Protein chains: 2
Amino acid sequence: MRLSQIGELSLLEQIRKRFEKQSRTIIVGIGDDAAVLKQGDTNLLVTTDMMVEGIHFDLSFTTPFQLGFKLVSVNVSDIYAMGGKPSYLLLSLAMNNYTEKSFIDKFFDGVQRAIKLYGISLIGGDLSSSKSLMSLSATLIGYTKRHIQRSGARVGDKIYVTGPLGDSACGLMLLKEKIKKPVPFENLNAMQRARCKELRAKNKNSLLFALCPKLLKEGLPWKVVEPLLRRHLIPEARDPKEFVRYATAIIDISDGLLIDLSRLCDESKVGARIYIEKIPVSYELKKAASYLGISPIKLALSGGEDYELLFTAPANKKVKALHIGEITESERVIIDSSGRKKAFSAEGYQHFGIQR
Amino acid sequence: MRLSQIGELSLLEQIRKRFEKQSRTIIVGIGDDAAVLKQGDTNLLVTTDMMVEGIHFDLSFTTPFQLGFKLVSVNVSDIYAMGGKPSYLLLSLAMNNYTEKSFIDKFFDGVQRAIKLYGISLIGGDLSSSKSLMSLSATLIGYTKRHIQRSGARVGDKIYVTGPLGDSACGLMLLKEKIKKPVPFENLNAMQRARCKELRAKNKNSLLFALCPKLLKEGLPWKVVEPLLRRHLIPEARDPKEFVRYATAIIDISDGLLIDLSRLCDESKVGARIYIEKIPVSYELKKAASYLGISPIKLALSGGEDYELLFTAPANKKVKALHIGEITESERVIIDSSGRKKAFSAEGYQHFGIQR
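Rules and cut-offs
Residues numbered from 1 in each chain as written. Chains lettered and ligands numbered in written order. Predicted model: local features only at pLDDT ≥ 70, side-chain atom pairs only at ≥ 80, totals over all residues. Heavy atoms only, no water. Salt bridge = Lys/Arg side-chain N within 4 Å of Asp/Glu carboxyl O. Helix = DSSP H or I, 4+ residues; strand = E, 2+ residues; numbered from the N terminus. Buried < 20%, exposed > 50% of the residue type's maximum accessible area, 1.4 Å probe, protein only. Axes fitted to C-alpha atoms, helices over the stretch in contact; angles between N-to-C directions. Parallel < 35°, antiparallel > 145°, perpendicular 65-115°, else oblique. Contact = heavy atoms within 4.5 Å. Nonpolar A, V, L, I, M, F, W, Y, C, P; charged D, E, K, R; others polar. 1 Å grid on protein atoms, 1.4 Å probe; cavity = no way out; pocket = protein on both sides within 12 Å on 5 of 7 lines; lining within 4 Å. Points joined across faces, edges and corners; volume = space filled by probe spheres on them. Buried area = accessible area lost by both parts, 1.4 Å probe. Polar contact = N/O pair within 3.5 Å; in protein donor to acceptor, adjacent residues only side chain to side chain. pLDDT = per-residue confidence, 0-100.

Enquirer: So what exactly am I meant to see when it comes to the pattern of salt bridges here?
Expert: Opposite charge on two side chains allows them to pair when their charged atoms are near. The full count for this structure, using the stated rule, is 38 salt bridges over all chains. Between Lys 101 of chain B and Asp 105 of chain B there is a salt bridge whose closest N-O contact spans 2.9 Å. Taken together, the residues span about one helical turn, with Lys 101 of chain B and Asp 105 of chain B both in helix α3 (residues 101–118) at a distance of four residues. A relative accessible area of 12% means that Lys 101 of chain B is categorised as buried. Judged by relative accessible area, which is 29%, Asp 105 of chain B ranks as partly exposed. Where Asp 266 of chain B meets Arg 332 of chain B, a salt bridge forms, and the shortest distance between an N and an O atom there is 2.9 Å. Taken together, the residues span a long stretch of sequence, with Asp 266 of chain B in helix α8 (residues 257–268) and Arg 332 of chain B in strand β12 (residues 332–335) at a distance of 66 residues. In this structure Arg 332 of chain B comes out as partly exposed when scored by relative accessible area, which is 23%. The network of salt bridges with common partners includes Glu 13, Arg 16 and Glu 267 of chain A.

Enquirer: What is the right way to look at the packing of helix α7 (residues 222–233) of chain A against helix α9 (residues 283–292) of chain A in this model?
Expert: Residue and element names in this part refer to chain A. As a packed pair, α7 and α9 sit with axes 9 Å apart at the nearest point and diverge in direction by 105°. Here α9 runs roughly perpendicular to α7, going by the angle between their axes. Across the interface between the two elements, Lys 223, Val 224, Pro 227 and Leu 228 from α7 touch Tyr 283, Glu 284, Leu 285, Lys 287 and Ala 288 from α9. Tallied by class, residues from the contact of α7 with α9 come to six nonpolar, no polar and three charged.

Enquirer: Explain empty space enclosed by the protein here, please?
Expert: Space left empty within the atom packing is revealed by a probe, the size of a water molecule, rolled over the atoms. Following the criterion strictly, the structure yields one cavity of 30 Å³ or more and no others. Size it by volume and the largest cavity reaches roughly 80 Å³. Along the walls of the largest cavity sit 14 residues, with Ser 132, Leu 133 and Ser 135 of chain A together with Leu 133 and Ser 135 of chain B positioned nearest its centre. Looking at the lining of the largest cavity residue by residue, the classes come out as eight nonpolar, six polar and no charged.

Enquirer: What should I look at first to understand the interface of chain A and chain B in this one?
Expert: Tallying the contact residues gives 74 residues for chain A and 74 residues for chain B. Buried surface at the junction of chain A and chain B, summed over both partners, amounts to about 6100 Å²; 61% is from carbon and sulfur atoms. The three residues of chain A that bury the most area against chain B are Arg 18, Lys 101 and Leu 127 of chain A, which together make up 11% of that side's buried surface. The closest approach of N and O atoms between Glu 100 of chain B and Arg 2 of chain A, which form a salt bridge, is 3.5 Å. On inspection of chain A and its partner chain B, the count reaches 30 residue pairs in polar contact (both at pLDDT 80 or more). Elements with a minimum of two residues in the side of chain A that touches chain B: α1 (8–18), β2 (35–39), β3 (42–52), β4 (85–95), α3 (101–118), β5 (121–129) and β6 (135–144) of chain A.

Enquirer: For this particular structure, what's the right way to read the confidence of the model for chain A?
Expert: Segments scoring low in pLDDT should not have their predicted coordinates read at a detailed level. Chain-level statistics for chain A give a pLDDT mean of 88 and a share of 87% at 70 or above. Interface confidence in the predicted complex, given as ipTM, is 0.88; pTM for the same model is 0.89.

Below is the structure:
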């Protein structure tokens, strides 16, 4: 049997069973956003997340700066999702011999910008040549007095997210859609050219400008496009400090709201009810989705790579975040604007290609 | 400029300068076998090491069991090289959709065997699909009361290694030399066939037997071949506990004695004098090198992947290890059997292809 016939989730479950908690200093082992280790009077958090060329990123529309920044952010997001503070980073990079030195320099510019933003130190890593595509992996160590797992949600808790969903997936669609059909700069009118030049000047560390001619020409304004691309290419992780004292369970949305909510429910042995009308969808997503002819809500529910936090808190607490539903005993449903219920399942991205 | 024009060492040096010690909780940052973090009254050690298909391993003669075992061992070796005890492991694995489920199972058999051997727990990781070759990365956390860096060697210290060198490199040569020219089982005589069957039965978790017909036929006995292949395919890391209290500097020999001794000297700002006659070379290496028509001492000096520890200790201490030379003020020389000196430099394996 091949991995493509098993899928990531079931494979992970098997590995997890095989390496069940092996020592009493391990508070949380395989299966949450980060492992938790007892360390005197605090807890050590450790997570690792990789980005593989052709799977997680496409160098035809991703700059090395963005790659470096994003590799740090996706790991920070996992530490935040345990209620922790990120501290120490290690990188493992496999790149081929033909990689330009300037690529590495810009990659580390991105890493440096991100570690400054999050207050992290780079303490080590490994460099290897590669005979094929690029493969980047990071390990991040963090700390917390109180760790918050996926498994703490209780019936009656409210469900929250930290920001609009689907933007990243929509940004990726724009990039895939547009980058392959560039329109010559010459075909733009004078005003469009001027705007394009201005954008290029502003975005020295980015390839975003490669898109402008086409999108400007077709009438999707840059102020709509830019935040969507940004959310995909250089996402910032969401610090839970505003609500962490109330949170009963947290997970970061990396594979899509429905799949990650299902994971939280599985671990907490509960169900969930969410309201279509409460799912936060940005103005930019609505505009761009209409331009692309797709449903914004579909992207928000299962688009993936949002890197927003999804969490639960008791109903009586005042929480600064976007309320999208409640934890139930067992039913898992989405309620639409006319009050109709529809069951949901773990819909979103899985490696080893079972579904999308 | 491309990475192949810079080389790994100089690239690492640049990264290290850029991310110089950033916090006072970091005792050792980028540049040693592991990072060292202050953690109450003990020190946390963290290392990461990757294995990339086509660079570090060749699936035509490596079993998944061996891969899993070796990935753990090479990381344990880095923790041992800081004088520490390994504790917690994370894995990042990128494999393509066509990988057989049985491959993963056997890979984890190897991981499990190794973590049992070293007393480690697997606490997390990341799984990704890959559109090209396999890429495996591990992060290992360990602890030590007293960490031993590469930089502690003092003039007059004796230089030691923990075991014979060059075996792994010779094992790799045998594998590369022989696996590509298999001899049909049918061409063996009755005694050779019986021996071959017996070896296959013994080595269920291994592809070693694939070699036997050819090697048995050509007169290189299995008892010579087996330890060399084993050292390459399933190396065990060397625990420094017997001598750690005396050690002033330690490094593990992963890229070759001369390159790793040069690193130790660079960090300690000293030189070294080693004696050709004292370099430990196994009986098996001598036999196999003669069969292959190569110099055993060349393999021992710059073969790489030995995973023996190279360390220094004051001359007046009684140390259980193999004495190969002394630390000098600045000259770096090898002394041959007739007392002649020859300068040495950092000769061994570097990624991004500057030299071998």
